Amino acid sequence: SSTRFTEWSDLLLDILGAVGALGLSLTYDPRFTGRVATWRLAPRKQLVHAGIGLLVMAALSPVLVWTYAYWDRAARFPSLVQFASAWEMMFVKGRDGAVQIVPPPLGWGKPRVDTVGLVVFYPKHYPGIRLEEPYADWRGFSHFRFEVYSELPRVQSLVIGIHDAQHNNDYA
């Protein structure tokens, strides 16, 4: 079973849902009479419905944002990450380090590249970056290529881990 933690955003979404349901009730339920019944008349009814529409859009905005991020990722396939947009950076996570999109350094030597990823590792045991949810189907590909530029004065070790469907945490 999975563990779910309560977040303030859950409470906010519950409140927005309750307000939206109340607004629909006020504008459609004939059991409301007197002054409350005036909410079923134009222009109040249209204002309530417009407000409910905004609430629904606000609640769905994370879904819309992530839908576009997945579409953007699929459009860049077979590249894992190009460090070209904030959309693809939604899938890049730093672990004991920071990652950001920057212009290429002077010594990069790749004139057609407008941006690169700057990774700063903090002095920890195993700092790194992780690409969350890479494109799922890589059949037909047999090579993995990437470029690294470092301004450090000495050679550094770099470990790449690829966790595929058969991954078992064996580092051999």
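Residues numbered from 1 in each chain as written. Predicted model: local features only at pLDDT ≥ 70, side-chain atom pairs only at ≥ 80, totals over all residues. Heavy atoms only, no water.

## As for the environment of Y135
- Inspection of the secondary structure puts Y135 in the segment after β4 (128-131).
- According to the relative accessible area criterion, Y135 is partly exposed, its value standing at 30%.
- Along the backbone, Y135 and G117 are 18 residues apart, and their C-alpha atoms lie at a distance of 19 Å.
- What Y135 contacts, discounting residues up to four positions off in sequence, is R73, A74 and F77. (Helix = DSSP H or I, 4+ residues; strand = E, 2+ residues; numbered from the N terminus. Buried < 20%, exposed > 50% of the residue type's maximum accessible area, 1.4 Å probe, protein only. Contact = heavy atoms within 4.5 Å.)

## Description of unusual backbone geometry
- Residue P43 is bonded to the preceding A42 through a cis peptide linkage, with omega at 0°.
- Within the secondary structure layout, P43 lies in the loop between α1 (8-28) and α2 (44-76).
- Residues F77 and P78 are joined by a peptide bond in cis, for which omega reads 15°.
- Structurally, P78 is set in the loop between α2 and α3 (86-89).
- Here D96, not a glycine, exhibits a phi torsion of approximately 55°, which is positive.
- Mapped onto the elements of the fold, D96 is located in the loop between β1 (92-95) and β2 (97-102).
- Residue classification places D96 among the partly exposed positions, given a relative accessible area of 35%.

## Looking at the side chain of R76
- Take R76: it is sitting in helix α2.
- R76 gets classed as buried once you look at its relative accessible area, which sits at 19%.
- If sequence neighbours within four positions are ignored, R76 has contacts with Q82, A84, S85 and E88.

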